[in-house]
Amino acid sequence: MLKVNNIDVFYGNIHALKDISLEVIEGEIVTLIGANGAGKSTLLKTLSGLLKPKHGNILYFTQQIAGKPAQTIVKSGISHVPEGRRVFSNMSVEENLELGAYLRNDRDGIKKDMDYVYELFPILDERRKQLSGTLSGGEQQMLAMGRALMAKPKLLLMDEPSMGLAPLVVKKIFEIIKAVNSQGTTVLLVEQNANMALSIADRAYVLETGKIVLSGTAKELQESEQVKAAYLGGL
Ligand code: ATP
């Protein structure tokens, strides 16, 4: 469903993504792992229209999306859960979720998806009226994910959902990513927590200083000596 072909992305003179090519097939969970500053967030921002590649192209189904406005990309079915959550803190849980559906006008569908999000995250249901800024880190991550799901994405881009969260909360979030995927949403997951990411992914890419240095099935990467040494704590 998504083919990234030879993209280069710059911030001024900084060459952040160097000749990146990758593919996501409908139904998969694909993970992109790499250290701080490798370019993972830059890639997701490019896919969701926040950055424009200097060279290369991005094919989403039959559509070229590189450099298209973010709104057009969301409308076509790609939704981004940004790093650090970024919920609207002065708005309630419910208002944040409603905002996720702002490009839709199918009232019945929106209501159905809101129920689905509350079913996935019962804690958000309990906190409907609470200001989002007062939620815990884990709850905010759930809300950010719920808000992205309210756009009814075909492809969900997730930027480091495990960041700063306790292991049990991370486990819960990853179970929900699996559940959302099994309901038909394709997932591209960016993570520093390679162990967790590889445990739920079908395939993976390893990014180092803006370049893809390895790719394969999640199982192949879990067994790779190079990955074990650099990303799995030498286990
Ligand atoms: P992390 O896991 O720390 O978020 P990352 O793999 O997501 O890292 P990016 O945020 O994509 O990495 O950054 C890739 C490179 O681009 C880094 O060298 C970073 O300093 C640089 N960079 C990111 N954003 C900007 C910006 N707005 N202006 C200039 N350079 C930037």
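Details of the structure are given in the entry above.
Bear in mind that the values here come from a model prediction, so they are computed numbers and not experimental data.

A. Quick look at the sheet that holds strand S1 (residues 2-11). With respect to topology, four strands assemble into an open sheet ordered S2-S1-S4-S5, the strand pairing being antiparallel. The sheet terminates laterally at strand S2 (14-24) and strand S5 (63-64), the two strands that pair on one side only. In this structure, S1 lies alongside strand S4 (residues 55-60), joined through five bridges in antiparallel fashion. When the sheet's bridge partners are listed, Lys3 is paired in S4 with Leu59. Strand contacts of helix H1 (residues 40-47): S1, S2 and S4, with the helix running at about 115 degrees to S1, the strand carrying the most contacts.

B. Representation of the site of the ligand within the structure. The environment of the ligand is made up of 14 residues, and the closest members are Asn36, Gly37, Ser41, Thr42 and Glu160. Between the ligand and Tyr11, the relevant distance is 3.4 Å, taken from a nitrogen atom to a side-chain nitrogen or oxygen of the residue. Residue Ala38 places a main-chain N or O atom 3.1 Å away from an oxygen atom belonging to the ligand. For the ligand, the protein covers 63% of the area, taking 630 Å² as the surface of the free molecule. Contributions of two or more residues to the shell around the ligand are made by S2 and H1. A per-element tally of the shell around the ligand places H1 first, with three residues. Among the residues making up the shell around the ligand, the classes are represented as five nonpolar, six polar and three charged.

C. Highlighting unusual backbone geometry. With a phi close to 55 degrees, Asp19 is a non-glycine residue in the positive phi region. Its location among the elements puts Asp19 in strand S2.

Quick notes on the rules
- Residues numbered from 1 in each chain as written.
- Predicted model: local features only at pLDDT ≥ 70, side-chain atom pairs only at ≥ 80, totals over all residues.
- Heavy atoms only, no water.
- Pairing = 2+ DSSP bridges.
- Helix = DSSP H or I, 4+ residues; strand = E, 2+ residues; numbered from the N terminus.
- Contact = heavy atoms within 4.5 Å.
- Axes fitted to C-alpha atoms, helices over the stretch in contact; angles between N-to-C directions.
- Near = heavy atom within 4 Å.
- Polar contact = N/O pair within 3.5 Å; in protein donor to acceptor, adjacent residues only side chain to side chain.
- Areas by Shrake-Rupley, 256 points an atom, 1.4 Å probe, with all protein chains shown as cover.
- Nonpolar A, V, L, I, M, F, W, Y, C, P; charged D, E, K, R; others polar.

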